[in-house]
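# Results of the structural survey
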Amino acid sequence: MFEIADVNNKSAFFTSYTTVMSIATSDAWISNAMQMLMQTSTELYSHTINVALLTSCIIREDGNRDYDPYETVLGALLHDIGYAGTINKVRGKPVDEMTDMENLLFENHIQFGTDYVKKYTSSKTVSDIISMHHEYLDGSGFPSHLFSEQIPRHTRIITVVNEFLNHISYETQRFSLESLLNAGDKMNTLMENGKLDAEIMEMFYKRLGEISGLMESVTSFFPFCSVQ
């Protein structure tokens, strides 16, 4: 089970990775879901692992935690399960660049995902993450146009991480300096426009800064975390 501990940055990073992979294989249906993501595309699988890993790192920093850590990391792993079994060329692509078919898939992946997990778990935390991870605090998000008071803290965390990784590169997920700076600029704009939680952004940047130096050293062991 998930444990929160005060450890140094390197230990925290590897503990977070171990936690994520432990949750990814903690039940047969979860393992099957992860296999479905991998079979759809290695990029989709890499993205979900990266989202879950950074989410786990943020959770360790969160002193205002009012959610279940295990279910939050599980939700991070499954937030894009609605894309499983599709031709995955749409995830992370700007909406204004999508074809009609891609836009339909984007609009439906949340419902597909919530329908899938309902077969296996009654966790509201997991369901919230899947159904709300594209919502913004100002009501301009998707699909329900929720406002800040309607979006729980655990979902806000996944939204921040997911947005950041989508801005890195939805094709390669490479953590180059240029892509990190570009993503940071776009994230700051979203925060300044009232779309993302500023407190969670601060925690995210702190954790990202602390572990970024480890990214290159673990690439040969954990290929999901590519560096260029």
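In short, a report on the structure. (Residues numbered from 1 in each chain as written. Predicted model: local features only at pLDDT ≥ 70, side-chain atom pairs only at ≥ 80, totals over all residues. Heavy atoms only, no water.)

## Concerning the pattern of salt bridges
- The final tally for this structure, using the stated rule, is 6 salt bridges.
- A salt bridge links Asp 62 to Arg 153, with the nearest nitrogen and oxygen atoms 2.9 Å apart. Remark: Arg 153 occurs in helix α7 (residues 153-168) and Asp 62 occurs in the loop between α3 (42-61) and α4 (69-78); sequence separation between them is 91 residues. A single burial state applies to Asp 62 and to Arg 153, both of which are buried.
- Between Asp 138 and Lys 195 there is a salt bridge; the shortest N-O distance is 3.0 Å. (Salt bridge = Lys/Arg side-chain N within 4 Å of Asp/Glu carboxyl O. Helix = DSSP H or I, 4+ residues; strand = E, 2+ residues; numbered from the N terminus. Buried < 20%, exposed > 50% of the residue type's maximum accessible area, 1.4 Å probe, protein only.)

## A few points about the packing of aromatic side chains
- Throughout the structure, instances matching the rule amount to 5 aromatic pairs.
- Between Phe 164 and Phe 204, the ring centres sit 4.9 Å apart and the planes meet at 70°, which makes this aromatic pair edge-to-face. With Phe 164 in helix α7 and Phe 204 in helix α9 (residues 198-218), this residue pair connects regions lying 40 residues apart in the sequence.
- Among the residues examined, Phe 164 registers a relative accessible area of 1% and is labelled buried.
- Here Phe 204 falls in the buried class, since its relative accessible area comes to 1%.
- Each ring, one from Phe 204 and one from Tyr 205, has its centre 5.9 Å from the other, and the planes form 45°; the classification is tilted.
- Connected via pairs of aromatic rings, a cluster forms that spans Trp 29, Tyr 116 and Tyr 120. (Phe/Tyr/Trp six-rings, centres within 6.5 Å; stacked < 30°, edge-to-face > 60°.)

## Remarks on helix α8 (residues 177-192)
- Its 16 residues give α8 an end-to-end C-alpha distance of 22 Å, which sits within 8% of 22 Å, the value for a rise of 1.5 Å per residue.
- Ser 179, Ala 183, Gly 184, Met 187 and Leu 190 are the residues of α8 that are buried. Seen from one end, α8 has its buried residues packed into an arc of 135°, which puts them on one side. More than 90 degrees from the buried face of α8, the exposed residues found are Leu 177, Glu 178, Leu 181, Asp 185 and Glu 192.
- Of the residues trailing α8, Gly 194 is marked for its positive phi of about 80°. (Expected span 1.5 Å × (residues − 1). Arc of directions from axis to C-beta.)

## Describing the environment of Asn 182
- Within the secondary structure, Asn 182 sits in helix α8.
- Considered as a pair, Asn 182 and Ile 168 are 14 residues apart in the sequence and their alpha carbons are 7.5 Å apart.

## Some remarks on empty space enclosed by the protein
- Evaluation of the coordinates by the stated rule reveals 1 cavity of 30 Å³ or more.
- There is about 40 Å³ of room inside the largest cavity.
- What lines the largest cavity is simply Glu 135, Tyr 136, Leu 137, Arg 156, Thr 159, Lys 195, Leu 196 and Asp 197.
- The residue makeup of the lining of the largest cavity, split by class, is 3 nonpolar, 1 polar and 4 charged. (1 Å grid on protein atoms, 1.4 Å probe; cavity = no way out; pocket = protein on both sides within 12 Å on 5 of 7 lines; lining within 4 Å. Points joined across faces, edges and corners; volume = space filled by probe spheres on them. Nonpolar A, V, L, I, M, F, W, Y, C, P; charged D, E, K, R; others polar.)

## A look at the environment of Asp 62
- According to the relative accessible area criterion, Asp 62 is buried, its value standing at 3%.
- For the pair Asp 62 and Met 203, spaced 141 residues apart in sequence, the C-alpha separation works out to 7.4 Å.
- When sequence neighbours within four positions are dropped, the list of residues in contact with Asp 62 reads Tyr 67, Arg 153, Ile 157 and Met 203. (Contact = heavy atoms within 4.5 Å.)

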